[in-house]
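Given next are the chains, with one letter for each unit.
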Amino acid sequence: MSQKNSLKRAEARLGFIFILPSLILILSIIIYPLCYNIYLSFHKVALNPLKTPKFIGFSNYLTLFSDGEFLKSLMLTFLYVIITVATSTTVGLLVALLMNRKFKGRGIARSLVILPYVAPVISLVFVWQYMFNGIYGVVNYAAVDKLQLFNAAPAWFDHPVLSMALVILFDTWRVFPYSFMMILAALQAIDESLYEAAMIDGAGAWKQFWAITFPEILPVISSLVVLRAIWNFYKFDDVYLLTKQVPIMGVYLYQTAFSVYDFGLAAAITVALFIIVMTFVLFVRRKVNRI
Amino acid sequence: MVNKKVERLFAVIIVLYLLIIVFPFIWVALTSFKPESEIWGASALKVFSNNATVEHYQALIKAHIFNSLKNSLIISSITTIYVTFVASCCAYAIARLKFAGKNLLLAVVLATSMFPQMIVVGPIYNVFVKLGWTNSYFISLPYSMITLPVAIFILVTHFSKVPKEMEESASIDGASKMKTFIKIILPLALPGIFTSAIITFIGVWNEFLLSLTLNLLWLFYSKNKLYQA
């Protein structure tokens, strides 16, 4: 009995040693900055890092919520998140269904699909900026000169609505491969015999999808939607690089912190965003648990 | 008969679709061989240039692209190696060892995997300035925040798939938990370890926000180099 106990204790000690490095890393680069942000959000931070921040209470938060730019940016971010999550998940699902069938060259087709996801954002942005260039871009050439979809050449990077459309299009194109990979893996795990049984019962392709495929992949889709919503809520890099006309939250935050150098205000934004996202996550968890 | 038609339609959809996805890559590859005057000019829309040139590649070499690539490669490799090591240990503990607070730990890992670098970039920047770590390879430390939770998550799924019987027979033969981990779990979960290492490497290689803020000296990374151009 005592030997068993000591074995158990040895196992617990080994477990502790094994998790220690991860724990230190997570504490020092995620939890500590998070707490430091909360601390900073109540302070006026001087530009000089040697000066100690001055306590100013909720003043940063008051500035934030009375700033029209912040509220506008928040609305824009919600719009961006809702649309991109819907498009990237839908496209990912459609492509996964398409690629789940057997055809020649399927391996090559599948690896080509994930190309946008593995290439560095910044190089992709350059390609898009060149392709959507007002005068020399190949997109305007095709859309305006050949297909005559527009009367005048659209200014993709300067018009607020068009820029929004552009960043949404870019994000969809770039991240749908992630949804595609996850959904494809789930599709391949579905038991074939379910479809055989459905076929015997005379169910068509449409009915088979809603009765078998969709319920089977629903857990994957719901976790994809949650993760993508969180990631895109903080989206910064491709929007910041593509255009100056779409000040979504990540861009607004970056500009406050690193162009205006108001770290106190930036920390307040971070905390506010964090609370919004956590509320969203808890809300979704409860919904999912109920299902 | 009908089936054949459907198959053909299906093939056309796939080819069209792949073209749309891959088109930007093809277009930029073709453009890279065009002389400056044909990139911005009347003949910008010609598919193939008559005066193909490698001058842009020569300019890249002159602008010390190899130095930037070297830095990117070093940072990505360092991060991949230590993250994979640290994550393997943690994932094994979560997957196979019993100890108090395990579920709490897993919850923390899952929760942190949802935090994007945007949340912590300000404080990390402050710390880096204070320690004088900007423009250095120390940047691989904060990179573990975007890669470690994902790596742990992937490895836990792979370690849990290793059959328990293998481990039990090893322990009957007198192997310690440590030895079982190194001799049995690690080799059997090698594909999973590779997957997580590749995902870590790509994540670091492509990361932009941290390298933008923590490297005030441009010219440091290949990706910053591109931004500067």
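As the structure is a prediction and not an experimental result, all values here were calculated from the model.

Procedures and definitions
Residues numbered from 1 in each chain as written. Chains lettered and ligands numbered in written order. Predicted model: local features only at pLDDT ≥ 70, side-chain atom pairs only at ≥ 80, totals over all residues. Heavy atoms only, no water. Contact = heavy atoms within 4.5 Å. Buried area = accessible area lost by both parts, 1.4 Å probe. Polar contact = N/O pair within 3.5 Å; in protein donor to acceptor, adjacent residues only side chain to side chain. Helix = DSSP H or I, 4+ residues; strand = E, 2+ residues; numbered from the N terminus. Nonpolar A, V, L, I, M, F, W, Y, C, P; charged D, E, K, R; others polar. Disulfide = S-S within 2.5 Å. Buried < 20%, exposed > 50% of the residue type's maximum accessible area, 1.4 Å probe, protein only. pLDDT = per-residue confidence, 0-100. Core = buried A, V, L, I, M, F, W, Y, C linked by side-chain atoms within 4.5 Å. Domains from an automatic or database assignment. Salt bridge = Lys/Arg side-chain N within 4 Å of Asp/Glu carboxyl O.

*Asks:* Even after reading the chapter, I still don't get the interface of chain B and chain A, so can you show me in this structure?
*Replies:* Reports often express the size of an interface as the amount of accessible area lost when the parts come together. On the chain A side, the residues contacting the 70 residues of chain B number 68 residues. Here chain B packs against chain A, burying approximately 6300 Å² in sum over the two surfaces, 82% of which is carbon and sulfur. Between chain B and chain A we count four residue pairs in polar contact (both at pLDDT 80 or more) in total. The biggest single contributor to the side of chain B that touches chain A is helix α1 (residues 2-31) of chain B, with 15 residues. When grouped by side-chain class, the residues that make up the side of chain B that touches chain A number 55 nonpolar, nine polar and six charged.

*Asks:* Honestly, the state of the cysteines in this entry has me stumped. Any pointers?
*Replies:* When the sulfur atoms of two cysteines share a covalent bond, that bond is a disulfide. Per the stated rule, a full pass over the model turns up zero disulfides over all chains. Counting only cysteine sulfurs, B:Cys90 is the nearest neighbor of A:Cys35, a cysteine outside any disulfide, at a range of 19 Å. Judged by its relative accessible area of 44%, A:Cys35 is partly exposed. Looking at the unpaired B:Cys90, the closest cysteine sulfur is the one in B:Cys89, lying at 8.5 Å.

*Asks:* Help me understand the confidence of the model for chain B, please; the structure alone is not making it clear to me.
*Replies:* Close reading of the predicted structure is inappropriate where its pLDDT is low. Residue and element names in this part refer to chain B. Averaged over chain B, the pLDDT score is 80; the fraction of residues at 70 or greater is 90%. Taken element by element, chain B is modelled with least confidence in helix α12 (residues 222-228), mean pLDDT 50, and with most confidence in helix α4 (residues 65-96), mean pLDDT 90. Confidence drops under a pLDDT of 50 for residues 218-223, and excluding neighbours within four residues, the segment shows 31 contacts in the predicted structure.

*Asks:* I keep staring at the confidence of the model for chain A and nothing clicks. Help me out?
*Replies:* Mean pLDDT over chain A: 84, with 96% of residues reaching 70 or higher. Averaged pLDDT values for the elements of chain A fall to 77 in helix α7 (residues 138-146) of chain A and rise to 92 in helix α3 (residues 68-99) of chain A.

*Asks:* Honestly, the nonpolar core in this entry has me stumped. Any pointers?
*Replies:* Note that soluble globular proteins tend to have their nonpolar side chains buried in a common cluster. Core analysis: the biggest nonpolar cluster contains 145 residues, and A:Tyr234, A:Phe236 and B:Phe159 have the highest contact counts within it. The leading source of residues in this core is helix α8 (residues 160-188) of chain A, at 14 residues. Counting residues domain by domain, this core receives three or more from each of domain 1 (2-60) and domain 2 (64-228) of chain B. The residues contacting A:Phe236, other than those within four sequence positions of it, are A:Gly250, A:Val251, A:Tyr254, B:Met118, B:Phe208, B:Leu209 and B:Leu212.

*Asks:* Help me out: how do you make sense of the pattern of salt bridges in this one?
*Replies:* Residue and element names in this part refer to chain A. Tallied over the entire structure, the rule returns two salt bridges over all chains. Of the charged contacts, one joins aspartate 171 and lysine 235 as a salt bridge, the two residues approaching to 3.2 Å between their closest N and O atoms. Within this pair, whereas aspartate 171 is found in helix α8, its partner lysine 235 is found in the loop between α10 (205-233) and α11 (237-242), the two being separated by 64 residues in sequence. Judged on exposure class, the residue aspartate 171 and its partner lysine 235 are both buried. A salt bridge links aspartate 238 to lysine 235; the nearest nitrogen and oxygen atoms lie 3.2 Å apart. Lysine 235 sits in the buried class, given a relative accessible area of 10%. In the salt-bridge network here, residues are joined through shared partners; they are Asp171, Lys235 and Asp238.

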